[in-house]
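A closer look at the structure
Single-letter residue listing:
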Amino acid sequence: MAAYKRQFYPGTTTPAKNRRRYMDPKVKLKKLRDVAMDDVVRIMGHRNPGEDYKSIHPPIEEGKEPDCPIRKLVTPIEGAKHGDRIRYIQFTDSVYFAPISPYQRAWMYLSRYRGIDTGTLSGRQIIEVRERDLEVLAKEYIDNETFDPALTGIRGATVHGHACRLDEHGLMFDAWQRYVWDDEKKEVVYVKDQVAIPLDRRISVGKPAAMSDLKKRTTIFRADGVDMRDDKEVTMYGLRIHKLRTLGGYQPWKVKGE
Amino acid sequence: MAGKEKLFMEACKKKFKEEPTDVSTKYYCFGGWKQSKSKVEFQKTADEIAKKRGIPMLNEDIGVPLGQRSWMPYQLSHTDIYAEADDLHCVNNCAIQQAWDDIRRTILVGLDSPHQTIERRLGKEVTPETINNYLETVNHTVPGGAVVQEHMAEINPALAWDSYVKVYSGDDELIDEIDPRFVIDINKLFPAEQAEQLKKAIGKTLMQAVRVPTIVGRLMDGATVSRHAAMQISMAFISSYKLAAGEAAIADFAYSAKHQSLGMGTMMPARRARGPNEPGGIPFGYLADMAQSDRVYPDDPGRASLEAVALGAIIYDQIYLGGYMSGGVGFTQYATAAYTDNILEDYVYYAIDQIKSRYGGFCKLDPANTDEVMKLGDDINAYALEMYERYPAVMETHFGGSQRATVSAAATGIAGAMATGVADVGLNCWYLSMLQHKERTGRLGFYGFDLQDQCGSANSFAYRSDEGLPMEVRGPNYPNYAMNVGHMSGYTGIPKAAHVARGDAFTANPFVRVAFADPSLVFDFANVTKEIGRGALREFQPAGERSAVIKG
Amino acid sequence: MIITNRLLSADTTEKVLNALESVPNIRQINLTGESIPKTINSGPGKGLPNNHSEHKVIRVKGKDIELRYLVGGFLVELEVDDEESLDARVEEIKAVCNATIEHGYSLQVGRYSKYKPTLHDYRSE
């Protein structure tokens, strides 16, 4: 029997294809900007750039770990090796064609990384990792195509805005205005960290994409974009899961042949 | 808001033959501003309010007074009452409290068993005359009057004016003989077809609806209601049938009143630390039966479902999960999404139109036709989600994904229930909505119930109690629903929708159904949103107040 | 009720309000939108000034108003006695919106506000 080949996600439309691309760890996501690592650290606000990582246990190499077969099986990620704290970055994605949406973030992270813990809500999506690994990951996801300066927010608290109309510059609402519109450069600039503590320098995350571009990049199905029901395969996939689960819990013999 | 606009526009179109897209529509849609007789009065009131009401930041100095607020007031669905979010908090709103008080203080106690005791054990005759005599006595004892012994302390009647006992039965001949002041008259209160069904289901049983004083339920808890009733009923039997209080047979009255009675809420597991007759134990079908819209508006099944939704929201979501289980002030904003601003209204009436045009009416879709059920569910769900996408103001009104999840799934579930007449099909459609919602938008609600919502397809037809139960007898304590905040409203609406669509006179229990048709209740269960609105407007007069014993 | 397609900056809100001043028969205007707190109200930064550029004082007809919302709607209450003047006022309001609101809006006529006081209004009694 041939080995199972991961298909990641069904569908023929652009949101479906984007979901597939984001989930497939073999796909290298496009880098659209280069925010300096120190600036990523500043925006997250867990430590100052250059400051040592705080640790919660001694480095694993010191050999103080209990004798546990599972621990022997798992190769620790860098942060775990060094005993780093677990820290987070949390993104808010606008319903108005943000490049990615919360569940797709979860699927993408879980498909591409290990040693992470991710939580998914309607208005925000958190990812928690050992600190030094988090920084690498956070930079990747601020720099790459899943981030848009106007429609993605880096928000540790008071995340309200995903369902709000955009402002006149096309930015997603943020009660704490962590980022502002630079009208001269036509760029979005972070002036506060993710929990709204003022930054000592302005950090540009670049120009927002055009709506026409975002509609090609998004994972969101919408009536005024690509309607999910126009993607027969995605629609049928959802209905099939529902049908099989229903039958499985009710008349399991009918699942045969489905 | 746009949902509200939509329904507004629909109303305008029907009433004034305007195109709904005409942005400068000339009418206030409720009551037709131009034609309404109350126009002058409205104008006058509005002028006064405009001057008096405390709008934050109202600035009168700039020519035109200018106010600022985070969003528009909520409109209580299918009413023209507007209120603020905190007007709808269950601690502020005495109508919401009274809805729960009226449920908690109710216990249904059958008279058949005590009558058998009197006739067979004590050899006394029971006749309509003795029953009337008993009812007169019990209407003295249940509110807190003493009989039998002297020197007994009594409850101040001014504190217990809401307390009484009434009876009902499917036996018209017997009921004809009972003093009408003590009767819940099925024939008068229900449309003829519903009355026949109810009388057939109830049969010859003579049932008492016992309403203990609101203040008793508040001072103790729901579990005390059967005890208060049992004690006072026993005293009434002793007095009216001239029994000797020490006889062993007397214990039978107390036994039947305590243990052969029907509480509104079943017992919950010990870990919930609640007695019976508390909100967590009320099956969805019972609460659906308490909602009385289809008795008064039998031709509007949409309203019947939506009123059940509203009752579910206040009793389960706001009081039980928001108060009993969680504590704090949190759940109002979330729960009110289901019964304000006519948004769910729009989705449900759309669903009803679809069912009628596709299948020619309710209950015509074969529940075993899974593919067609899924097609309908998918269509209704897509319509609801599309409205959020097309009307940004609706998206902002239901700014939490959980609100959108509940409201879309409630509409889809109600559609499935009405199309097939089977509540469990409706429930199955609820879960279909959840899965397709997540798939479409890439988001759903929050950790608290995303798991339950995504795994429910598998248990929606499960009938064994450890797996599921039919929807009519599931309740907020069903494991996967035990913390499903904001969902209880929809769960109540679904079984209601199924049975209203079938033309059934009741959802789960005919006795509960009749008991809440009683016009003597303080809360009007046929107009749930209106009553909540009256609470918000300070027009509702609750029971259980202590002012009679407080120096004024 | 005017619902704007975008949430408006303080400057645009100021423009709309000043332009609406020219429309007669307006009894009252209520602004609605997303709240902008003066200070950071939760998290590690709690208590710090928010310094939101749009939470600021605007001038409406020569008077200062502290704007607390990113405005997305104007509820304009008209005091008119007949259909003709209602139509006229609505047309004037539309003209104001067309001139000041760049990204578009929708305008509905109806009853959208409380017309009876509720518990909320008695709170401070």
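Summing up its helical and strand segments, chain B has 24 helices and seven strands in all. The 552 residues of chain B split such that 64% are buried. Within chain B, counting contacts between residues at least 6 apart in sequence, those at least 24 apart form 73% of the total. As presented, chain B carries roughly 20,000 Å² of accessible surface, and 52% of it is formed by carbon and sulfur atoms.

What chain A contains, in helices and strands, is eight helices and seven strands. Taken along the three principal axes of its C-alpha coordinates, chain A extends 65 × 60 × 30 Å. Counting the 258 residues in chain A, one finds 55% classified as buried. Taking as baseline every contact in chain A between residues at least 6 positions apart, the subset at least 24 positions apart corresponds to 64%. Split by element, the accessible area of chain A, about 12,000 Å² in all, is 54% carbon and sulfur. Of note, chain A has its 47 positive side-chain charges centred 6 Å away from the centre of its 38 negative side-chain charges.

Residues and elements named next belong to chain B. Counting residues in hydrophobic clusters, the biggest one holds 165 residues, and the most contacted among them are Ile103, Leu108, Tyr168, Met290, Ile315 and Tyr347. The leading source of residues in this core is helix H14 (residues 301-326), at twelve residues. Residues Ile131, Ile175, Ile250 and Ala257 belong to the second largest nonpolar core, which totals 35 residues.

The subject of this paragraph is the interface of chain B and chain A. Taken residue by residue, the interface counts 39 residues in chain B and 42 residues in chain A. Here chain B and chain A share an interface that buries about 3,400 Å² over both sides, 54% of which is from carbon and sulfur atoms. Considering only the surface of chain B that becomes buried against chain A, Glu439(B), Arg440(B) and Arg443(B) emerge as the three largest contributors, covering 22% of it. Our count for the chain B to chain A interface comes out at six salt bridges. Across the pair Arg229(A) and Asp378(B) runs a salt bridge, and its minimum N-O distance is 3.2 Å. Elements represented by at least two residues in the side of chain B that touches chain A include exactly helix H17 (370-390), helix H18 (392-397), helix H19 (401-420), helix H20 (423-441) and helix H21 (447-455) of chain B. Classifying every residue of the side of chain B that touches chain A by side-chain character gives 15 nonpolar, eleven polar and 13 charged.

Turning our eyes to something else, we now look at unusual backbone geometry. Of note in this structure, Phe97(A) is not a glycine but carries a positive phi near 65°. Its location among the elements puts Phe97(A) in the loop between strand E1 (86-93) and helix H5 (102-112). The class of Phe97(A) is buried, set by a relative accessible area of 5%. Although it is not a glycine, Asp341(B) adopts a positive phi angle of roughly 65°.

What follows covers the domain arrangement of chain A. All names here are of chain A. Assigned domains within chain A: domain 1 (14-225) and domain 2 (227-258). Tallying the contact residues gives five residues for domain 1 and four residues for domain 2. For the pair domain 1 and domain 2, the two sides together bury roughly 380 Å², of which 64% comes from carbon and sulfur. When the buried area of domain 1 at its contact with domain 2 is split by residue, Ala16, Phe221 and Ala223 rank highest and sum to 71% of it.

Now for the sheet that holds strand E1 (residues 2-8) of chain C. The sheet built from five strands is open, its strands ordered E1(B)-E2(C)-E5(C)-E1(C)-E6(C) with mixed pairing. Unpaired on one side and paired on the other, strand E1 (66-69) of chain B together with strand E6 (105-107) of chain C mark the two borders of the sheet. Direction aside, the axes of adjacent strands within the sheet are offset by 20° on average. In this structure, strand E2 (residues 26-35) of chain C lies alongside strand E5 (residues 69-78) of chain C, joined through nine bridges in antiparallel fashion.

In this section: the sheet that holds strand E5 (residues 164-169) of chain B. Residue and element names in this part refer to chain B. On the basis of which strands lie adjacent, the open sheet formed by four strands has the order E5-E6-E4-E7 and antiparallel pairing. Only two strands of the sheet have a single neighbouring strand rather than two, namely E5 and strand E7 (261-263). Across this sheet, the average inter-strand angle for adjacent strands is 25°, counted without regard to direction.

Glancing now at a negative patch on the surface. Residue and element names in this part refer to chain C. Together, Glu79, Asp81, Asp82 and Glu84 line one region of the surface with negative charge. Here Asp81 shows up in the loop between E5 and helix H2 (83-100). Note on Asp81: relative accessible area 64%, which makes it exposed.

Right, let's get into the packing of aromatic side chains. Residues and elements named next belong to chain B. One pass over the full model with this rule turns up 25 aromatic pairs over all chains. Summarising the aromatic geometry, the rings of Tyr134 and Phe237 are spaced 4.3 Å apart at their centres and angled 15° between planes, so their arrangement reads as stacked. Highlighted residues: Tyr134 in helix H5 (residues 128-141) and Phe237 in helix H10 (residues 223-240), separated in sequence by 103 residues. In this structure Tyr134 comes out as buried when scored by relative accessible area, which is 0%. Accessibility expressed as a relative area gives 1% for Phe237, which makes it buried. Geometrically, the ring pair formed by Phe516 and Phe525 is edge-to-face, given 5.0 Å between the ring centres and 80° between the ring planes. Accessibility classification places Phe516 together with Phe525 in one group, the buried group.

Before going further, it helps to examine the packing of helix H4 (residues 112-121) of chain B against helix H11 (residues 250-259) of chain B. All names here are of chain B. Contact geometry for H4 and H11: axes closest at 9 Å, N-to-C directions at 165°. The orientation of H4 with respect to H11, classified from their angle, is roughly antiparallel. Crossing hand, H4 versus H11: right-handed. Between H4, through Ser113, Pro114, Thr117, Ile118 and Arg121, and H11, the contact on the second element is made entirely by Asp252, Phe253 and Ser256. Its residues placed into classes, the contact of H4 with H11 shows three nonpolar, three polar and two charged.

Attention now goes to the environment of Ala337(B). Secondary-structure assignment places Ala337(B) in the loop between helix H15 (332-335) and helix H16 (343-359). Measuring from C-alpha to C-alpha, the distance between Ala337(B) and Ala310(B) comes to 9.6 Å, with 27 residues separating the pair along the chain.

All right, on to the pairing of strand E6 (residues 206-211) of chain B then. Residue and element names in this part refer to chain B. Of all six residues in E6, six are buried; the element is thus mostly enclosed. Burial along E6 is two-sided: the face carrying Leu206, Gln208 and Val210 and the face carrying Met207, Ala209 and Arg211 are both buried. With five bridges connecting them, strand E4 (residues 106-110) and E6 associate as antiparallel partners. Bridging from a neighbouring strand, Ile107 pairs with Val210 of E6.

A complete count under the given rule lists 58 salt bridges over all chains for this structure. As a salt-bridge pair, Asp174(A) and Arg178(A) come within 2.8 Å of each other at their nearest N and O atoms. What makes Asp174(A) buried here is its relative accessible area of 5%. The exposure class assigned to Arg178(A) is buried, which follows from its relative accessible area of 0%. Here Glu386(B) makes a salt bridge to Arg390(B), at a shortest N to O gap of 2.9 Å. One end of the pair, Glu386(B), and the other, Arg390(B), are both in helix H17, four residues apart, so they sit about a helical turn from each other.

A few words now on empty space enclosed by the protein. All names here are of chain B. Tallied over the entire structure, the rule returns six cavities of 30 Å³ or more. There is about 110 Å³ of room inside the second largest cavity. Broken down by element, the lining of the second largest cavity gets its largest block of residues, three residues, from H17. Looking at the lining of the second largest cavity residue by residue, the classes come out as six nonpolar, two polar and four charged.

Our next topic: the pairing of strand E3 (residues 57-60) of chain C. Residues and elements named next belong to chain C. Covered by surrounding structure in E3 are Ile58 and Val60 only, the residues Val57 and Arg59 on the alternate face being uncovered. Here E3 pairs with strand E4 (residues 63-66) via four bridges, running antiparallel. Pairing of Arg59 across the sheet is with Asp64, part of E4.

Quick look at the packing of H10(B) against H11(B) now. All names here are of chain B. Running from amino to carboxyl end, H10 crosses H11 at an angle of 145°, the nearest separation of the two axes being 8 Å. In this structure, H10 crosses over H11, and the sense of that crossing is right-handed. Taken together, the residues of H11 that come into contact with H10 (itself represented by Ser226, Arg227, Ala230, Ile233, Ser234, Phe237 and Ile238) are Ile250, Phe253, Ala254, Ala257 and Lys258. Residues belonging to the contact of H10 with H11 are distributed by class as follows: eight nonpolar, two polar and two charged.

Cut-offs used in this document
- Residues numbered from 1 in each chain as written.
- Chains lettered and ligands numbered in written order.
- Predicted model: local features only at pLDDT ≥ 70, side-chain atom pairs only at ≥ 80, totals over all residues.
- Heavy atoms only, no water.
- Helix = DSSP H or I, 4+ residues; strand = E, 2+ residues; numbered from the N terminus.
- Buried < 20%, exposed > 50% of the residue type's maximum accessible area, 1.4 Å probe, protein only.
- Contact = heavy atoms within 4.5 Å.
- Areas by Shrake-Rupley, 256 points an atom, 1.4 Å probe, with all protein chains shown as cover.
- Lys, Arg positive; Asp, Glu negative; His and termini not counted.
- Charge placed at Lys NZ, Arg CZ, Asp CG, Glu CD.
- Core = buried A, V, L, I, M, F, W, Y, C linked by side-chain atoms within 4.5 Å.
- Buried area = accessible area lost by both parts, 1.4 Å probe.
- Salt bridge = Lys/Arg side-chain N within 4 Å of Asp/Glu carboxyl O.
- Nonpolar A, V, L, I, M, F, W, Y, C, P; charged D, E, K, R; others polar.
- Domains from an automatic or database assignment.
- Pairing = 2+ DSSP bridges.
- Axes fitted to C-alpha atoms, helices over the stretch in contact; angles between N-to-C directions.
- Patch = residues over 30% accessible without salt bridge, like charges linked within 9 Å, V, L, I, M, F, W, Y side chains within 5 Å.
- Phe/Tyr/Trp six-rings, centres within 6.5 Å; stacked < 30°, edge-to-face > 60°.
- Parallel < 35°, antiparallel > 145°, perpendicular 65-115°, else oblique.
- Left-handed = near helix turned anticlockwise from the far one by under 90°.
- 1 Å grid on protein atoms, 1.4 Å probe; cavity = no way out; pocket = protein on both sides within 12 Å on 5 of 7 lines; lining within 4 Å.
- Points joined across faces, edges and corners; volume = space filled by probe spheres on them.

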